[in-house]
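# Close look at the chain arrangement
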Amino acid sequence: MAVIELLLLGLSAQAQQKPQPPPLRSEITVTAVRGASGEAETSTSAVATADRLDFAVRPIPTLGNALDGAPGILVQQSTVGQVSPFLRGLTGYQVLNLIDGLRLNNSTFRSGPNQYLAFVDPSQAARVEAVMGPTGAQYGSDAMGGTIQVLTPDSRYTDGPLETHGEFSLWGGSADTSVGGVGQLSIGTRRLSWLAGGTMRSFGDLRPGGGADSRQVLRRLFGLSDSQVRGMLGSRMVGTGFDQFGLHTKLAARVRDDQLLTLWYQRSGLGSVQGYKDLWGGLGRMESLFDPQGMDFAYARYEKLKLGWLDSLSGTFSVNEQRDGSLRQNLRATDAVTVDDSTVRALGYVAQGSGRLPGRQTLVFGADVYDERVGSFRQIRQSVARPLYPDGSRYRTYGWFAQDAVELVPGKLRALLAGRLTRIGFRTFAAKNPGLGVADSSDTFHNFTYQTSLSWQVTRIVGLHVLAGRGFRAPNLNDLGALGLNDLGYEIPASEAAGALMGLSAGENALPGGRTVSSLSPERLRNYELGLTLRNDRLYTRIQGFHADLYDPIVRRTLLFPASAVPAALAGLEVRPIAQTAAQQALGVITVATAFDPRAVKAFVNDGRSRYYGLEWQARYAFNSHWRAFANYSYIAGRDLFPNRNIRRLPPQQGMLSLRYDRKWWLETRVLAAGAQQRLSGGDLDDERIGASRRRQDIADFFAGSRIAPYISGGRFTPTGETLTEIQNRVLPGVDNSTRVPLYTSTAGWMMMEVRGGVPLGERLQLTVGVSNLLDRNYRTHGSGVDAPGAGVYANLQYRF
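What counts and how
Residues numbered from 1 in each chain as written. Predicted model: local features only at pLDDT ≥ 70, side-chain atom pairs only at ≥ 80, totals over all residues. Heavy atoms only, no water. Pairing = 2+ DSSP bridges. Helix = DSSP H or I, 4+ residues; strand = E, 2+ residues; numbered from the N terminus. Axes fitted to C-alpha atoms, helices over the stretch in contact; angles between N-to-C directions. Left-handed = near helix turned anticlockwise from the far one by under 90°. Contact = heavy atoms within 4.5 Å. Buried < 20%, exposed > 50% of the residue type's maximum accessible area, 1.4 Å probe, protein only. Phe/Tyr/Trp six-rings, centres within 6.5 Å; stacked < 30°, edge-to-face > 60°. Lys NZ or Arg CZ within 6 Å of the ring centre and 35° of its normal. Core = buried A, V, L, I, M, F, W, Y, C linked by side-chain atoms within 4.5 Å.

The strand order across the open sheet formed by 3 strands is 41-42-43, and the pairing between neighbours is antiparallel. Only two strands of the sheet have a single partner each, and these edge strands are strand 41 (712-713) and strand 43 (722-723). The pairing of strand 41 with strand 42 (residues 716-717) spans 2 bridges and is antiparallel. What sits directly across from Ile712, in strand 42, is Phe717.

A few words on the packing of helix 8 (residues 696-703) against helix 9 (residues 724-731). The geometry of helix 8 relative to helix 9 is characterised by a closest axis approach of 10 Å and an angle of 145° between their N-to-C directions. As helix 8 runs across helix 9, the sense of the crossing is right-handed. Packed against helix 8, whose contacting residues are Arg696, Ile699, Ala700 and Phe703, the element helix 9 presents Leu724, Ile727, Gln728, Asn729 and Val731 at the interface.

On to helix 8, then. For helix 8, a buried count of 6 out of 8 residues is recorded, marking the element as mostly surrounded by other parts of the structure. Residues of helix 8 that are buried include every one of Arg696, Asp698, Ile699, Ala700, Phe702 and Phe703, and no others. Against the buried residues of helix 8 lie helix 3 (217-222), strand 41, strand 42, strand 43 and helix 9.

What follows covers the packing of aromatic side chains. As enumerated under the stated definition, the model contains 16 aromatic pairs in all. Each ring, one from Trp750 and one from Tyr779, has its centre 4.1 Å from the other, and the planes form 20°; the classification is stacked. Residue Trp750 is found in strand 44 (residues 750-760), and its partner Tyr779 is found in the loop between strand 45 (765-772) and strand 46 (792-800); the two are separated by 29 residues along the sequence. For the pair shown, Trp750 and Tyr779 are each scored as buried. Put simply, the rings of Phe222, Phe702, Phe703 and Phe717 pair up and form one aromatic cluster. Residue placement shows Arg88 over the ring face of Phe546; its charged tip is 4.2 Å from the ring centre. Residue placement shows Arg254 over the ring face of Tyr157; its charged tip is 4.1 Å from the ring centre.

Our focus in this paragraph is the environment of Val517. Relative to the helices and strands, Val517 is located in the loop between strand 26 (512-516) and strand 27 (523-535). When the C-alpha positions of Val517 and Asp311 are compared, they lie 51 Å apart, and in sequence the two are 206 residues distant. Beyond its immediate stretch of four places on either side in the chain, Val517 contacts Ala494, Ala497, Ala500, Leu501, Met502, Leu559 and Val605.

The subject of this paragraph is the sheet that holds strand 4 (residues 95-99). With mixed pairing, the 5 strands of this open sheet are ordered in space as 1-6-7-4-5. Of all strands in the sheet, those with a lone pairing partner are strand 1 (47-51) and strand 5 (102-103), marking the two edges. With 6 bridges connecting them, strand 6 (residues 127-132) and strand 7 (residues 146-151) associate as antiparallel partners. Counterpart to Ala130 in the pairing with strand 7 is Ile148.

This next bit is on unusual backbone geometry. Across the chain, the bulk of peptide bonds are trans and the bulk of non-glycine residues have phi less than zero. Residues Asp291 and Pro292 are joined by a peptide bond in cis, for which omega reads 0°. By the secondary structure assignment, Pro292 is in strand 14 (residues 287-307). In this structure, Pro643 follows Phe642 across a cis peptide bond, with omega equal to 0°. With respect to the secondary-structure elements, Pro643 resides in the loop between strand 37 (627-641) and strand 38 (644-646). With phi around 65°, Ser272 is a residue other than glycine that occupies positive phi space. Assignment of secondary structure puts Ser272 in the loop between strand 12 (259-271) and strand 13 (273-274). You can call Ser272 partly exposed: its relative accessible area is 43%. Although it is not a glycine, Arg649 adopts a positive phi angle of roughly 55°. Structurally, the position occupied by Arg649 is in the loop between strand 38 and strand 39 (654-662). Judged by its relative accessible area of 9%, Arg649 is buried.

The next point concerns the nonpolar core. With 79 residues, the main nonpolar core has Phe55, Ile73, Ile148, Leu218, Phe222 and Phe717 as its most contacted residues. Phe717 has contacts with Leu218, Phe222, Leu224, Met232, Phe703, Ile708, Tyr711, Ile712, Glu722 and Ile727, leaving out every residue within four places of it along the chain. Grouped together as the second largest cluster of nonpolar side chains are 20 residues, Leu483, Leu485, Ala500 and Ala603 included.

This is the structure we're talking about:
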């Protein structure tokens, strides 16, 4: 089947297999109805899905790449071993990730693009579902742009004697010289079923389209052509390869006919993941390594059916332990090496009940608690320093939820009303961070979220959907206590920016907006949607429009200070003033930098209000029993309202068209395209992944750096024979040392074509082959830190029994 089950297609592979006995409990999904499987095509919320068969079509580098081409989703990668899907313009900790209904997000999830969904190896998922829009009423904090849920593989019972099933795959691809293998074994009886699986994957350095890297540091700072860069470093992006392993097991027992016990465990680890944008990808630093990177996730779930008036009652205990570390060094081999290592262990407790009420109502209710303990360590030049997060921090989330779904007119009209009350507590401890400048602190946040919807099947062909909801995100530990290098420079907690003025942006040339930095409060989102579906025996199409306002967004802003009161230190770190721009000088303000990064110090603050609106459309058409066509398109617009300006990392319009032939073998061609994104914010222009702005001073710093040192001789850059001044005058003529000039003022539009197909080699053996980026186009997904893969072939050989 196709890589992406298009929005609400309802074409799951299970429907084409032999019917299975009904499961003891309903599958947990990320549709609008918690605790029940709803019909995809009639769901009020817009949903995109991909299943296990999709993962076998091509060697995807991360699980999030399975959502490539889905409407409303932009799959961003700062480096190849990381992934951060944007849902309706929001990503990072503004999108909630779940595993079988349990939170994958923790309090250290970062703003903007982060890597944590990549911790789930593709072999550990049977299905991925993404629901668009806020689902805070069901799942709590963070679910504003949407929710991504990973559904794990099910073990299989049997009504007869013991049965054994298995599947084994070997695959490889040329664009990233990737190879891997995955295997899974399942044993089942009537009462007991068990499965276990594992995978090993290795990805080499990626060759982008045309063998060119659009934001390579030699292009960005030295103005070299693609051919000149290839002559020095080859046609691959050096440092983009990585390795991953994964293990998983599930044991399910029918304790009695009305009771089910499920135990699940998964472990994954990534190695050799480098921050490419910090190295040859744009900044030219010496080291940017993400290590360790991995996760252990386990849960035990007990469910009882038919208990009094309840249809089911379940309790779940989970352990979510994530390891996230890094090693960073600036431009010179003599610069300090900073090593960060953080471990978060979250214990989860979830109770949920469901039952039918008079009037064709289904009530789902319950409570959940997530108790997080954070361990964090930092070492600089072999000395212990204040860690990225205060060591020993606690972060607790409590939630109470209820949801009522009612069928007002059978088969015609149904409604849903859901609400949740959430309380979050945060604490840091000075005693656990002796001599590191961490104070005892605590804070609490409360919020109520809701969701209401109405779905009306007007005729057999026409359906209407109306939805209104509210989401929120409480400040997490990354907002409240993070200290360290991040996307746009060095960050400190807002609580330690006393006397600072809040910049109007996160740009290097930011000006003050007249407000001082203050304590953080939750950000809130109000969302309204209207959808229309049309379907008959051949055609299914849906268009969904939405309008969302984000209040008090927690955003990164540049810190400014009166020029007459420049601080000597912030958060225990020495800082130095940065040369003022003319506008800053006229206003009497100045920015400061640490020794770890030449850019201005930033902090997270509540600032302004943002608005997003747009639409998602998708369609499928069956010409006959063998030929099918799929298409989708999504458009999103957004603005910061106070002041009115472009919003950060706004996805461009995008779409997909696919034609597929199915018989005993199948063949499919897909075309994916995106429009240009010209609406860049100040932060976008400075971001080395997007606008890649630079100064003459940046060129001088890189010229004196250790990464380029082998190519410098006698004060000249040997490939061109130029001195530093000659390079500066060629790349940035007539510009002073402090003025930043973007390399790009927009992200270019693109179109990519791929062809793939599969053929059975016997009853149990299947071969899948394909060619990606058939025309070898060079392009970059907006906001990503790497260009997309170039032309490459891939193959997957799968054996099942």
